[in-house]
Amino acid sequence: MPVIVDIDVMLARRKMAVGELAERIGITPTNLAVLKNGRAKAVRFTTLDALCEVLECQPGDLLRWEPEA
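Residues numbered from 1 in each chain as written. Predicted model: local features only at pLDDT ≥ 70, side-chain atom pairs only at ≥ 80, totals over all residues. Heavy atoms only, no water.

**Overview of the overall build of the protein chain**
Point 1. Helices and strands together make up the secondary structure of the protein chain, namely five helices and two strands.
Point 2. Along the protein chain, helices and strands appear, N-terminal first, in the series β-α-α-α-α-α-β.
Point 3. In terms of overall dimensions, the protein chain is globule-like: its C-alpha atoms have a radius of gyration of 11 Å, near the 11 Å expected for 69 residues.
Point 4. Each of the three principal axes of the protein chain carries a C-alpha extent, and together these read 35 × 20 × 20 Å. (Helix = DSSP H or I, 4+ residues; strand = E, 2+ residues; numbered from the N terminus. Rg over C-alpha atoms; globule rule 2.2 N^0.38 Å.)

In C-alpha cells, the structure reads:
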C-alpha cells in the first residue's frame, strides 16, 4: 500500500510506549498495532485527531504517500 504510517517515528521522538499511547487515545493496543503496522484499511478522524493531540503533531507527521514502484 502506498500510504505509509509513521506512528513509530513519532513514538520514538516522544519517548512513548505503544501501550501508553493506546491508553491515552482510547483504543486497544491491538488496534493501535494494526494501524501502526500499516494493516488498517481505514482510520477514523476521531482516532487521527486523538493521535495528533497526544503526540503533538500534524496528520502529515503520521501519514505519508509513496507511489508504488
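**Observations concerning the packing of helix α2 (residues 18-25) against helix α4 (residues 45-55)**
Point 1. α4 packs onto α2 with a crossing angle of 120 degrees between their chain directions and a minimal axis gap of 9 Å. As summarised for this structure, α2 and α4 are arranged oblique, according to the angle between their axes. In the packing of α2 onto α4, the handedness of the crossing is right-handed. Where α2 approaches α4, its residues Leu21, Arg24 and Ile25 are matched on the opposing element by Ala50, Leu51, Val54 and Leu55. (Axes fitted to C-alpha atoms, helices over the stretch in contact; angles between N-to-C directions. Parallel < 35°, antiparallel > 145°, perpendicular 65-115°, else oblique. Left-handed = near helix turned anticlockwise from the far one by under 90°. Contact = heavy atoms within 4.5 Å.)

**Points about the state of the cysteines**
Point 1. For the structure on display, the rule yields zero disulfides.
Point 2. Considering cysteine sulfurs only, Cys57 is the nearest to Cys52, which forms no disulfide, with 4.4 Å between them.
Point 3. We classify Cys52 as buried; its relative accessible area is 11%. (Disulfide = S-S within 2.5 Å. Buried < 20%, exposed > 50% of the residue type's maximum accessible area, 1.4 Å probe, protein only.)

**Side note on the environment of Glu56**
Point 1. Mapped onto the secondary structure, Glu56 falls in the loop between α4 and α5 (59-62).
Point 2. You can call Glu56 exposed: its relative accessible area is 65%.
Point 3. Put simply, Glu56 and Arg14 are 42 residues apart on the chain and 8.9 Å apart in space, counted from C-alpha to C-alpha.
Point 4. Discounting residues that sit within four places of it in the chain, Glu56 has contacts with Arg14 and Leu51.

**Brief notes about empty space enclosed by the protein**
Over the atoms rolls a probe the size of a water molecule, and in doing so it shows where empty space is left.
Point 1. On inspection of all chains with the given rule, the structure shows one cavity of 30 Å³ or more.
Point 2. Approximately 30 Å³ is the volume found for the largest cavity.
Point 3. Every residue along the wall of the largest cavity is listed here: Val5, Ile7, Leu35, Val43, Leu48, Leu51, Leu62 and Leu63.
Point 4. Its residues assigned to classes, the lining of the largest cavity comprises eight nonpolar, no polar and no charged. (1 Å grid on protein atoms, 1.4 Å probe; cavity = no way out; pocket = protein on both sides within 12 Å on 5 of 7 lines; lining within 4 Å. Points joined across faces, edges and corners; volume = space filled by probe spheres on them. Nonpolar A, V, L, I, M, F, W, Y, C, P; charged D, E, K, R; others polar.)

What is shown is where atoms sit, not what they do.
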